[in-house]
Each structure stands twice: as structure tokens, then as C-alpha cells.
Amino acid sequence: MAELRLAPAEQTFVIRPAPAHTDVLVEDPFGHRISYLRVSVTDRCNERCSYCMPDEVQTWAAREDVLSDDEIVRMVATGTRLGISKLRITGGEPLTRPGVVDLIARLNACHGIRQIGVSSNGTLLARPHGTGTVADGLRQAGVDALNLSLDSLDREAYARTTGRDFLPQFLDGLRAAKEAGFTSIRLNCVLMRGTNEHELWDLVEFARAQDCLIRFIELMPVSSRHVLTEDNFLSAGEARRLLEFRLGPLTPLPDFKTNGPATYFEVPATGQRIGFIGAMTNLHFCETCNKLRLTADGKLRPCLGSHLEFDFRDALRNPATTEADLERLFLEVVARKPKEHEFRDNYQPRRRMIAIGG
Ligand code: SAM
Ligand code: SF4
């Protein structure tokens, strides 16, 4: 019998039969309805973003410590039996994992999966894959939506922030994604005072021209406390006000939601939507959180901004572990999901963002 800890009797979680109109099965004690799993498939990356990998010297998980394709598929299958219906494949840079397109096709085939997104820096999308590009491969594997990171349109600032002079590769990747037929592409831009606050309007304009949805993300104190300082932090509210100097007042769209915690506004003159992800300043940020995170080395994390994580790798590699054991462990993690993140409480990061999975 696999050794799995059982939840103490007072731990409560609610398992509900899914009503026909919703995919929610599992709810934690704070009412978070879990339907979304972010799956980090690697802790490696071809870029070196200052806020994600601030250390000079990188240490990667040993290959044998990273979950295999079969183990990831088994974890996702466990999740789907409990109500997970949406996946986001992330990393590190997920497209650096060998065979990632085939892995995604397998995940897409898991019963109950209705939506798969990929978060990427976009720089590898135009690479050849089979008879087309990686972007073509992802589309054929069933990926519905792409979140692509873009912090600057200035080649020098892009290179400074990401540690790599890859803006041309990003632009090729974006083109390849559109040619592959992706119609849902979101551009994620981390807000950094002194780096891109003067470019926000250009980025909005670029997103409009490319028919992409742009979202501005507040820096979070992940990886190291030093990635967020008083000097480089630019709040979502201030970014919005900077944009309003150029665009006029933006109209709040309280009813427009994507899968995550972004709040959206509309540019009245053009109808363009702009998202803001304010983990640090939005006090309601965690209220509707619907996700868990699986790290590349097999830890299930109930919250990005909490040190809680639960190891599944040993259980997955123990031949005695049954599917029922995995489900029980999964539900224990849901039961321990915190009410909210700890980023505002002098949080001291222990793992780099790249190792957790963004
Ligand atoms: N490599 C992919 C990418 O860059 O999109 C996926 C992984 S990355 C860790 C996921 C997201 O996390 C990116 O949008 C990145 O900008 C964001 N991110 C990383 N470190 C961050 C930090 N300290 N604060 C806010 N966002 C961060
Ligand atoms: Fe790599 Fe994405 Fe982290 Fe940048 S944010 S270092 S692209 S994983």
C-alpha cells in the first residue's frame, strides 16, 4: 500500500456532482472552485528574465527528478476525475521540453479536458516541427489559446529584461502563431518602472494591430525578494492612469472574465480591451482563484504565493499507489488551499518562479 498521508478528520472539502452547466466539482473551504491546473513541464528556459531568474548561476532539476510524460498524463487524468477541465502548460519555457507537442496532444485526449492554453515566451514558435512550425504542432495538438510574454518592443530593453536578444524571434513566433490559426493570443507584459512604463501605450497599440488581448502584470516577489523593489514596482492602477493620459478614461468591464484574476477595461474609442493583473494591489485578487499548480518535479501547489507544496512524485513512482490514492492526495491539497496569497506580508521566496511554473 502506498504511503499517503490522510487528511485530518476536521479538514473539510466539498465534492459536488457537477451540474450540467458547469465543470466545477471540487471546492475548498474558502469557496474556491477548482477547475484549472497549471502544469509546468520544465524548469528550463532559453531566456533569463530578471524577475524570474535573477541569479547569475542557474541550477536545474536533474532530468530524473522531472515528471515523465506518463506521470504528467496520470496527474492530469487524476485531476479531471475531480473536476479539472482546463489546463495551462507552462514552465520555465515549456517549448524547450523535448516532445512537448506530443505530450500536449496526449493531455488533450484526457477525458474531461475542455481547454488547453500554453504560456510561452514565444521565441520558439516559428521553429520547424514536422512539416510545419511548432505553432502548427501546438494547434494540431489541441491548444486553444496562447499567452505570450512581451515586456518591451524596444530590442535593447527586451534584451536587458530577458537576458537574450530574442525580440526578432518573438515577432517571428507571433507571426507563426497567427499563421497556424490561433485566434486567441494574449500578450502578457510585466510592469516595471524604469523599464517599460513609457512604452505601455506602444504595447497597447501593438496588441490592437496584432488583434491580441494585452494584460499588464504587477511584479510579484517570487524567485527572490529583490525582483520587486520600491524603485521598480509599477502598480496596475498607475499603469492604467498612465494609459488614460493617452487614451482618455478607460471603461471598467466587471463582467468580462478570462480564466484568471485579470480585471479588464475598454478603450471607448476603439473597443479594445486591456487587462490588469494586480496581485499586489488588488485586495480581491484571490477570491475567485480556481487553480492549482503542478511543478515540473511533481509538487502540487495550491497557491503561487504560499510555500505550501505537496509531493506527488514519490506516490506516482510507487507501484502500490492506486488511482484512488492519488485522488485522495489531490483532494487533500485542495483542502489546504489558503484563503489568499502571502505576497503582501513580507513574503520570503524559497523557489524561483521558473521552478514553480508561472
Ligand atoms: N516562459 C513562459 C513565459 O515567459 O511566458 C512561461 C513561464 S513564465 C514563469 C510565466 C509568466 O510569469 C510570464 O508571463 C512571466 O512574465 C511571469 N513572471 C515571472 N516572474 C514574475 C514576477 N516576479 N512577477 C510577475 N510575473 C512574473
Ligand atoms: Fe523564461 Fe518565462 Fe521565466 Fe522569462 S519569465 S525566464 S521566459 S520562464
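Structure shown above.
If you're wondering where the values come from, they're calculated on a predicted model, not measured in any experiment.

Residues in contact with ligand 1 amount to 19 residues; listed here are only the nearest, Tyr-51, Gly-92, Glu-93, Ser-149 and Met-220. Between ligand 1 and Ser-120, the relevant distance is 3.3 Å, taken from an oxygen atom to a main-chain nitrogen or oxygen of the residue. Met-220 is positioned with one of its backbone polar atoms (N or O) 2.9 Å from a nitrogen atom of ligand 1. About the coverage of ligand 1: the protein hides 93% of its 540 Å² of free accessible area. Of all the elements in the fold, those that place two or more residues in the shell around ligand 1 are β6 (115-120) and β10 (185-190). Classifying every residue of the shell around ligand 1 gives 8 nonpolar, 9 polar and 2 charged.

We now examine helix α1 (residues 69-81). Between the first and last C-alpha of α1 there are 19 Å, a value that for 13 residues agrees with the 18 Å anticipated at 1.5 Å per step. Three or more residues of α1 are buried, namely Glu-71, Ile-72, Val-73, Met-75, Val-76, Thr-78, Gly-79 and Thr-80. Immediately downstream of α1, the backbone of Gly-83 shows phi near 120 degrees, a positive value.

Here the focus is the packing of aromatic side chains. Throughout the structure, instances matching the rule amount to 4 aromatic pairs. Note on Phe-256 and Tyr-264: the rings are 4.8 Å apart at their centroids and 80 degrees apart in plane angle, and the pair reads as edge-to-face. Note on Tyr-264: relative accessible area 2%, which makes it buried. In this structure an aromatic cluster arises from ring pairing among Phe-216, Phe-265 and Phe-276.

For the rest of this paragraph, the subject is the environment of Ala-62. On the secondary structure map, Ala-62 appears in the loop between β4 (36-40) and α1. Residue class for Ala-62 comes out partly exposed when judged on its relative accessible area of 29%. When the C-alpha positions of Ala-62 and Asp-297 are compared, they lie 9.1 Å apart, and in sequence the two are 235 residues distant.

Close to ligand 2 lie 8 residues, the nearest being Cys-45, Cys-49, Cys-52, Met-53 and Asn-121. Here the residues of the shell around ligand 2 sort into 5 nonpolar, 2 polar and 1 charged.

So, on to helix α6 (residues 200-210). Restricting attention to buried positions, one finds in α6 the residues Leu-200, Leu-203, Val-204, Phe-206 and Ala-207. Along the axis of α6, the buried positions cluster into a sector of 160 degrees, meaning they face one direction only. In this fold, the buried residues of α6 make contact with α5 (167-179), β10, β11 (213-217), α7 (236-247) and β14 (273-277). With its phi angle positive at about 60 degrees, Asp-211 sits one or two positions after the end of α6.

Let's shift gears to the packing of α1 against helix α9 (residues 323-335). Running from N to C, α1 and α9 cross one another at 70 degrees; their axes reach a closest spacing of 10 Å. Between α1 and α9, the interaxial angle falls into the category roughly perpendicular. Here α1 and α9 pass one another in a crossing that is right-handed. Together, Arg-74, Met-75, Thr-78, Gly-79 and Arg-81 of α1 and Glu-323, Leu-326, Glu-327 and Phe-330 of α9 make up the contact between the two elements. By residue class, the composition of the contact of α1 with α9 is 3 nonpolar, 2 polar and 4 charged.

Running from N to C, α1 and helix α2 (residues 100-108) point in directions that differ by 25 degrees, and their axes come no closer than 10 Å. Between α1 and α2, the angle falls in the class roughly parallel. The element α1 and its partner α2 pack so that their crossing is right-handed. Contacts between α1 and α2 involve Asp-69, Asp-70, Ile-72, Val-73 and Val-76 from the first element and Leu-103, Arg-106 and Leu-107 from the second.

Side chains of a nonpolar character, in soluble globular proteins, are inclined to be buried together. With 76 residues, the main nonpolar core has Leu-87, Leu-138, Phe-216 and Phe-312 as its most contacted residues. Looking at this core, the element that brings in the most residues is α9, giving 6 residues. Ranked by size, the runner-up nonpolar core spans 18 residues in total, among them Tyr-51, Phe-233, Leu-253 and Tyr-264.

Right, let's talk about the pairing of β6 for a bit. Across the 6 residues of β6, 5 count as buried, placing the element largely inside the fold. In this sheet, β6 lies alongside strand β5 (residues 86-90) in parallel orientation, the contact comprising 4 bridges. When the bridges of β6 are listed, Leu-87 appears paired with Ile-116. Taking the sense of rotation as the criterion, the β-α-β connection linking β5, α2 and β6 turns out right-handed. Pairing between β6 and strand β9 (residues 145-149): 4 bridges, direction parallel. In the sheet register, Gly-117 faces β9, and the bridge partner there is Ala-145.

Reading the values: rules and limits
- Residues numbered from 1 in each chain as written.
- Chains lettered and ligands numbered in written order.
- Predicted model: local features only at pLDDT ≥ 70, side-chain atom pairs only at ≥ 80, totals over all residues.
- Heavy atoms only, no water.
- Near = heavy atom within 4 Å.
- Polar contact = N/O pair within 3.5 Å; in protein donor to acceptor, adjacent residues only side chain to side chain.
- Areas by Shrake-Rupley, 256 points an atom, 1.4 Å probe, with all protein chains shown as cover.
- Helix = DSSP H or I, 4+ residues; strand = E, 2+ residues; numbered from the N terminus.
- Nonpolar A, V, L, I, M, F, W, Y, C, P; charged D, E, K, R; others polar.
- Expected span 1.5 Å × (residues − 1).
- Buried < 20%, exposed > 50% of the residue type's maximum accessible area, 1.4 Å probe, protein only.
- Phe/Tyr/Trp six-rings, centres within 6.5 Å; stacked < 30°, edge-to-face > 60°.
- Arc of directions from axis to C-beta.
- Contact = heavy atoms within 4.5 Å.
- Axes fitted to C-alpha atoms, helices over the stretch in contact; angles between N-to-C directions.
- Parallel < 35°, antiparallel > 145°, perpendicular 65-115°, else oblique.
- Left-handed = near helix turned anticlockwise from the far one by under 90°.
- Core = buried A, V, L, I, M, F, W, Y, C linked by side-chain atoms within 4.5 Å.
- Pairing = 2+ DSSP bridges.
- Right-handed = clockwise from strand over helix to strand, strands pointing away.

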